[in-house]
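Each chain is listed here by its residues.
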Amino acid sequence: MHTHHVTKLFNSIILSIMFSILLCNTVFAFSVTDLDIHADDTVTEETKTMINNSLDLLPDHVLEYFDKVGGEIYLVDAPLYVRYPEIRIPSNAVGLYFPFDNKIAIRVDAEGLRNDYDDTYNKTIVHEMGHFLYSNTYPYLSTENQTIANDNYEYWSKYNFDCYNMHETFAELYSWYIFD
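What counts and what doesn't
Residues numbered from 1 in each chain as written. Predicted model: local features only at pLDDT ≥ 70, side-chain atom pairs only at ≥ 80, totals over all residues. Heavy atoms only, no water. Buried < 20%, exposed > 50% of the residue type's maximum accessible area, 1.4 Å probe, protein only. Helix = DSSP H or I, 4+ residues; strand = E, 2+ residues; numbered from the N terminus. Arc of directions from axis to C-beta. Contact = heavy atoms within 4.5 Å. Pairing = 2+ DSSP bridges. Axes fitted to C-alpha atoms, helices over the stretch in contact; angles between N-to-C directions. Salt bridge = Lys/Arg side-chain N within 4 Å of Asp/Glu carboxyl O. Phe/Tyr/Trp six-rings, centres within 6.5 Å; stacked < 30°, edge-to-face > 60°. Polar contact = N/O pair within 3.5 Å; in protein donor to acceptor, adjacent residues only side chain to side chain.

Enquirer: Could you clarify how one ought to interpret helix α3 (residues 60–68) in this entry?
Expert: Since the α-helix advances by 3.6 residues per turn, residues separated by three or four positions end up pointing in the same direction. Considered for burial, the residues of α3 that qualify are V62, L63 and F66. End-on, the buried residues of α3 take up no more than an arc of 95 degrees, which puts them together on one face. Exposed and facing more than 90 degrees away from the buried side of α3 are H61 and K68. If you follow the buried residues of α3, they end up packed against α2 (45–56), β2 (72–76), β4 (103–107), α6 (123–137) and α8 (166–179). G70 lies just past α3 and shows a positive phi near 85 degrees.

Here's what the structure looks like:
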């Protein structure tokens, strides 16, 4: 009997020590620096900082989820239609989201940046993250939330030419939410 109590006490002490160690470990939040961001050689540090500033506005769990599903970001110092000729896209496109592999491309040449940025933030990257969220979460939304998304599209499509389908409306409203 005595050895049973000693063994039980010993196991309790070991578990307590292990639990204490786990509690004392520093927990690190997910960071923009943990993402896979690929930049053309000519992309400036200022542009990279602008993109990072915008991504820093997003909740950590969104960035972590993007990373978990293999998401990657490409900063392209050229028109996107030139870099991705196999895709039929408008010549003035400044952002692309590739839903089958969770890739985002952002046009960061002078013309691309002029379209959707200020001195600190790039709104396009947040908009494209909105596409990522829509594509990866919409099928799992409750019927009520899908109805809300549809109602948002129905309403905003009348007032904002960027809200021409459900995907674009969600991404546009997400960027408004993040920047407001």
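Enquirer: I tried to follow the sheet that holds strand β3 (residues 95–98) on my own but got confused; where do I start?
Expert: By definition, the strands of a sheet pair up through backbone hydrogen bonds, in either a parallel or an antiparallel sense. Taking strand neighbours across the sheet as the criterion, the four strands line up as β1-β2-β4-β3 in an open arrangement whose pairing is mixed. The open sheet is flanked by β1 (36–39) and β3, the only strands paired with a single partner. Strand after strand, the sheet turns through a mean of 15 degrees between neighbouring axes, direction not considered.

Enquirer: Please explain the pattern of salt bridges as it appears in this structure.
Expert: A side chain with one charge may pair with a side chain of the opposite charge, provided their charged atoms come close. Following the criterion strictly, the structure yields four salt bridges and no others. Among the ionic pairs, D40 bridges to R83, the shortest N-O distance being 2.9 Å. Taken together, the positions of D40 in the loop between β1 and α2 and R83 in helix α4 (residues 80–83) put the pair 43 residues apart, joining distant regions of the chain.

Enquirer: How should I be thinking about the packing of aromatic side chains in this particular structure?
Expert: By the definition in use, this model includes 11 aromatic pairs. Relative to Y159, the ring of Y155 lies with its centre 4.9 Å away and its plane at 45 degrees, an arrangement referred to as tilted. In this structure Y155 comes out as partly exposed when scored by relative accessible area, which is 44%. An aromatic cluster of three or more residues is present, and its members are Y65, F66, Y97 and F132.

Enquirer: How should I be thinking about the side chain of E72 in this particular structure?
Expert: Here E72 shows up in strand β2. Of the polar contacts made by the side chain of E72, one reaches the side chain of H38; its length is 2.5 Å. Within the structure, E72 has its side chain in polar contact with the side chain of Y74 (distance 3.4 Å). For E72, the residues in contact, after removing those within four places along its chain, are D36, H38, F66, N102, K103 and I104.

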